[in-house]
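# Commentary on secondary and tertiary structure
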Amino acid sequence: MNWRKSTYSGGGDGDTCVEIATLPTRTAVRDSKLPTRATLSFPTPAFTALVEHIKGGGQ
């Protein structure tokens, strides 16, 4: 998988963020501090809706 960090990551060592990997039909998410631990994966439309909701202030 090709993991990438959020463009909103910042502060500290740059390791206090989540990383995502785009798969054909899902988006995987992991903690950048513990990359060998478990990951979560969501259907891409659900993950996109979550991100849009967060960007909109969660209202």
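Residues numbered from 1 in each chain as written. Predicted model: local features only at pLDDT ≥ 70, side-chain atom pairs only at ≥ 80, totals over all residues. Heavy atoms only, no water.

A tally of helices and strands in the protein yields one helix and four strands. Reading the protein from its N end, one meets helices and strands in the order β-β-β-β-α. Counting all 59 residues of the protein, 19% fall into the buried class. Relative to all contacts within the protein whose residues are 6 or more apart in sequence, the contacts with residues 24 or more apart total 11%. Taken as a whole, the protein presents about 4500 Å² of accessible surface, with 58% of it coming from carbon and sulfur. (Helix = DSSP H or I, 4+ residues; strand = E, 2+ residues; numbered from the N terminus. Buried < 20%, exposed > 50% of the residue type's maximum accessible area, 1.4 Å probe, protein only. Contact = heavy atoms within 4.5 Å. Areas by Shrake-Rupley, 256 points an atom, 1.4 Å probe, with all protein chains shown as cover.)

With that settled, the discussion passes to the side chain of Arg-30. Secondary-structure assignment places Arg-30 in strand 3 (residues 26-31). The residues contacting Arg-30, other than those within four sequence positions of it, are Trp-3, Cys-17, Val-18, Glu-19, Pro-35 and Thr-39.

Glancing now at the environment of Lys-5. The topology assignment puts Lys-5 in strand 1 (residues 4-5). Sequence separation of Lys-5 and Asp-31 is 26 residues, and the distance between their C-alpha atoms is 9.7 Å.

This brings us to the sheet that holds strand 3. Within the open sheet, the four strands sit side by side as 1-2-3-4. Their pairing is antiparallel. One side of each edge strand has no neighbouring strand; the edge strands of this open sheet are strand 1 and strand 4 (40-43). When strand 1 meets strand 2 (residues 18-22), the two strands line up antiparallel, connected through two bridges. Residue pairing in the sheet places Arg-4 in a bridge with Ile-20 of strand 2. Set on the sheet, helix 1 (residues 44-55) makes contact with strand 2, strand 3 and strand 4; between it and strand 4 the angle comes to about 95°. (Pairing = 2+ DSSP bridges. Axes fitted to C-alpha atoms, helices over the stretch in contact; angles between N-to-C directions.)

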